[in-house]
Amino acid sequence: MNNAVNNPVWSGTWVAERLGLELTGDDELTDLLGLALRRNPKRAHLLVSNVLGKHIPQSPSVVYGYGFELGRRVRELLGAQEAAGAVVLGYAETATGLGHSVADGVGLAPYLHSTRRPVASVAPAGGFEESHSHATSHLLLPEDPVLLVGDGPLVLVDDEFSTGNTVLNTIRDLHERYPRRRYVVVALVDMRSAADLGRLEGFAREIGARVDLVAAASGTVRLPHGVLERGQELVARYEAESAAAGRSSAAAPSWPVAPRGGAANRHSPAPLEGGDVEAGLSCTPPAARGTARSAPTDSHVADDRIRRTRPHGHITRVELFWPQGLPDGGRHGFTPAHRTRLENALPAMAARLAEALPADARSVLVLGFEELMYAPLRLARELEQVVDAEVRYSTTTRSPVLAVDDPGYAIRSRIVFPAHDDPADGPGPRYAYNVAGAGFDAVVAVVDSAADTPELHTPDGLLAQLAAHTPHVALAVVPSYVPERPAMLPEPLRGPAFSSYAPQEVGWLLQDLSDVTLEAPTEEREEAIQSGGAHYAESLPVEYQPSEQYQELFHTALRESTARLALAVGAVTEIVLAERSPRPVLVSLARAGTPIGVLMRRWAQFRHGVELPHYAVSIVRGRGIDANALRWLAAHHDPSDVVFVDGWTGKGAITRELADAIREFEVSDGITGFDPEIAVLADPGSCVRTYGTREDFLIPSACLNSTVSGLISRTVLRADLVGPYDFHGAKFYRELAGADVSVDFVDAVAARFPDVADAADAQAKELLAGDREPTWEGWAAVERISEEYGIHDVNLVKPGVGETTRVLLRRVPWKILARAGAGADLDHVRLLAGQRGVPVEEVAELPYTCVGLIHPRFTRGATGADGRAVSV
């Protein structure tokens, strides 16, 4: 395979020879990649791209051209119509600029990149883990969540596609939240092993979507046995030698240039939309400064640690006059309109940079900053067009890589300096590679305003470190774009304007969508949900209108269960008052939790004479709790006083969802104190510590929909209706007032409080003294049932009387499993099942009174003309 034009030694030779690695694949692979070593417990070697502009300074036209050309290939693959609806997602930190360049090549695609920098004003729209990285947590923080919603293709861009784990983690997370039919994975190099080659196709079948792959080159790294241990030993030995010798490299790296095979010709003439035209490339390496040296040996470890010598360079600040309100990159989304504004502003900004450079400068480096790759790249490419000097581009990085001054090694030198952007993971070293000793006459450091901190300007900081290696350093600061959040969120909705509860009973942290048509036939909703075409929270089922027979069942169940309900309400409220807070703020999970929250509030008033605040908020499986509702609560109450309330637990999915959502909220907003432990009336799944009972019995409020929950629909989260600073939505069914039993239900239960007061106190004391640690036996049972019945999806198994009732009222049921000998608690279930033609199968040793199974592999053909489910 051919090497870079001016470097007869492949920059992966040093690592390959010592570790026995072998790079095989396309002819241009060694032109695109070199090798280095890093201290990492999962992978010793690092593939170092010659054309990414991260570790190796490269012509900005080459860097931009590769990404743009990949975007053009995506456009050809999709066709003009599909490409017009595409969204491009890049990976932090390495591929943020590459992804943005791909988006430019696709055409009018909006762009978003993941970030490791939490932003308090933006709620995460998702996140994922990068398994092999030294820093794994990625956040998705679009200013407008609509960016990720829609059925157009999602294009995911990374610098390399190795195991595929990162991409699969991303798609899995996003597909659950924002399902779509097509994904395109883009990488500079496809380096999957033979074992990994089939995973993408299998994963596509699993999620029912098409997944394509576009790469500039492909190959693989053959790793001998024990390579990880040998790599770690090498890194440890050379780092120890560097520390002992205290050496700093002054040798000029052997510069990789544009690969042969037409890379320069391929990219240089490509016209850009908006009138921008690629210029011809010049790939001559910059002249080396300093004394020439003989070929280095293994002992030349190049590590410029934080130097105490005085900088010899001159440091100046350049005012770019960046357009007001223009995002500095894709952290919160970058639209075609943003791109147009940037294209128009680039010439003037590049001219200001050119004026700040020394007149005799022959080699200039534009150095970006970690995730800030695209803005410096575009500035460097524009500067390349207007100055006579050779312009190179690279960025600083968080990745620790061993530097060895050898022409067969990709990382010849490194500068180490302290972090200067108040990172979420705390202070630590940062790096600039192949800058020391490269002979640059000037370096333009481009950072965002969040990184223009005192740490940047200290004697140990990046600017001083650069000034030790070049006679002229310019600093250009791009305003860090942070979406503005409205100063105030609206006050809670209250009855009678919204809900049939009295205004003091509950405040709804929701927005009123009563005038929007959201209902869809049950079968159509089920088909869309299971096919991945829609999320269940994007529409509403048609409200079930109970027959006279069913209404009579409800009233009978209510009469027979009021004492048992009152006892459980009293017990759980006493536990909350004893353990959580003497004056808790009750926050019900709408809507099943709302009647229970009303009852708990009434118990506290009856038994202790205290008026507890009570609110209802939305939580959506797969999308978390309403972050704006949490912000409102934190602004008006102490988060540590908040107690989340629900009706019952099934398998515990919402319990886990709430815990995950609270963790995400703490990261995104920096607000702590919310306890994700839910208080429930009944915990048959053994998922929580705070409950009134663990019996699986009929809670009559599960028998009906809005007519027992204040005439409020289940909550709605749809991007075209709910903006980034809105509460989730719901409808108030005023027209159903004649059938409303919401107040009747809570009045009937509260009337029994005096009868059960002593028993409730005793039950609470017994529970407080006992072992209430969750066993999650319900989740285990659901997993077993899912496999035994061939469903293979725990989301289609709904355990417990309450969840089974919901299946019969809102979903397309397949069959009902009932515990042998279950009595009157299942009368309403049997009636509903008979009305819908659903078989009820008695099962011995069922941990729940009953379990509802949603119809698996649902299609329209799975129901009869009357909409009832039939067996398959």
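Not measured: the values here are computed from a predicted model.

Peer 1: Before we go on, may I ask you to explain the overall build of the protein in this structure?
Peer 2: Across its full length, the protein carries 22 helices and 32 strands. The buried share among the 872 residues of the protein stands at 62%. Taking as baseline every contact in the protein between residues at least 6 positions apart, the subset at least 24 positions apart corresponds to 78%. Of the roughly 31600 Å² of accessible surface on the protein, a fraction of 51% belongs to carbon and sulfur atoms.

Peer 1: What is the right way to look at the sheet that holds strand β32 (residues 850–854) in this model?
Peer 2: Within a sheet, each strand pairs with its neighbour through backbone hydrogen bonds, oriented either parallel or antiparallel. Strand order in the open sheet formed by 4 strands is β29-β32-β30-β31, and the pairing between neighbours is mixed. Single-partner strands in this sheet number two, and they are β29 (797–799) and β31 (840–843). Direction aside, neighbouring strands of the sheet carry axes that sit 20° apart on average. Alignment of β29 against β32, held across 3 bridges, turns out to be antiparallel. Looking at the pairing, P799 lines up with V851 of β32. Each of β29, β30 (813–819) and β32 is contacted by helix α20 (residues 777–788), which is oriented at about 140° to β29, the strand it contacts most.

Peer 1: What is the right way to look at the nonpolar core in this model?
Peer 2: As a rule of thumb, soluble globular proteins bury nonpolar side chains together. Residues L37, V88, V155, V186, Y409 and L466 are the most contacted members of the largest nonpolar core, which totals 140 residues. Here this core takes 9 residues from helix α3 (residues 60–83), the largest share from any one element. Ignoring anything within four residues of it in the chain, the contact list for V88 reads G99, V102, A103, V106, A109, P110, Y111, L112, V155 and V157. Grouped together as the second largest cluster of nonpolar side chains are 72 residues, F554, V610, V643 and L808 included.

Peer 1: Sorry if this is basic, but what is going on with the sheet that holds strand β5 (residues 111–113) here?
Peer 2: Read from one edge to the other, the open sheet built from 6 strands follows the order β1-β10-β9-β8-β4-β5, with strand pairing classed as mixed. Single-partner strands in this sheet number two, and they are β1 (22–25) and β5. Each strand of the sheet is rotated relative to its neighbour by a mean of 25°, with strand direction disregarded. By the bridge criterion, 3 bridges tie strand β4 (residues 87–90) to β5 in an arrangement that is parallel. Counterpart to V88 in the pairing with β5 is Y111.

Peer 1: Is there a simple way to think about the pattern of salt bridges in this case?
Peer 2: Between side chains of opposite charge, a pair can form as their charged atoms come close. Taken as a whole and assessed by the stated rule, the structure comprises 39 salt bridges. We note a salt bridge from R317 to D452, for which the minimum N-O separation is 3.0 Å. Pair noted here: R317 is in strand β11 (residues 314–318) and D452 is in the loop between β16 (442–448) and α11 (454–457), with a separation of 135 residues, a long-range link. For D452, a relative accessible area of 24% gives the class partly exposed. One salt bridge connects R602 with D747, and the closest N-O pair in it is separated by 2.7 Å. Of the two residues, R602 is situated in helix α15 (residues 593–608) and D747 in helix α18 (residues 742–750); the sequence distance between them amounts to 145 residues. Residue R602 is classed as buried on the basis of its relative accessible area, which comes to 18%. Assessed through its relative accessible area of 37%, D747 is described here as partly exposed.

What counts, and at which threshold
Along each chain, residue indices are assigned from 1 in the same order as the chain's sequence is written. Note on the predicted model: pLDDT of at least 70 is required for a residue's local features to be given, and 80 or more for side-chain atom pairs to be given and counted; whole-chain, interface and lining totals, by contrast, use all residues. Neither water nor hydrogens contribute to the side-chain values; these are computed over all heavy atoms in the structure. Numbering goes from the N terminus for both helices and strands, where a helix is a DSSP run of H or I of at least four residues and a strand is a run of E of at least two. Throughout, exposure labels follow a simple rule: accessible area from a 1.4 Å probe, protein chains only, divided by the maximum for the residue type, with under 20% read as buried, over 50% as exposed, and the rest as partly exposed. Only heavy atoms matter for contacts: two residues are in contact if any of them lie within 4.5 Å across the pair. Residue-level accessible areas treat just the shown protein chains as cover; the underlying method is Shrake-Rupley with a 1.4 Å probe. When DSSP finds two or more bridges between two strands, those strands count as paired. In this analysis an axis means a line fitted to C-alpha atoms, helices contributing only their contacting stretch, and an angle means the value between N-to-C directions, from 0 to 180 degrees. Buried Ala, Val, Leu, Ile, Met, Phe, Trp, Tyr and Cys residues that are joined via side-chain atoms within 4.5 Å together make up what is termed a nonpolar core. Note on definitions: salt bridges are taken to be side-chain nitrogens of Lys or Arg within 4 Å of carboxyl oxygens of Asp or Glu.

So, to be careful, I would describe these as geometric facts and stop short of saying anything about function.
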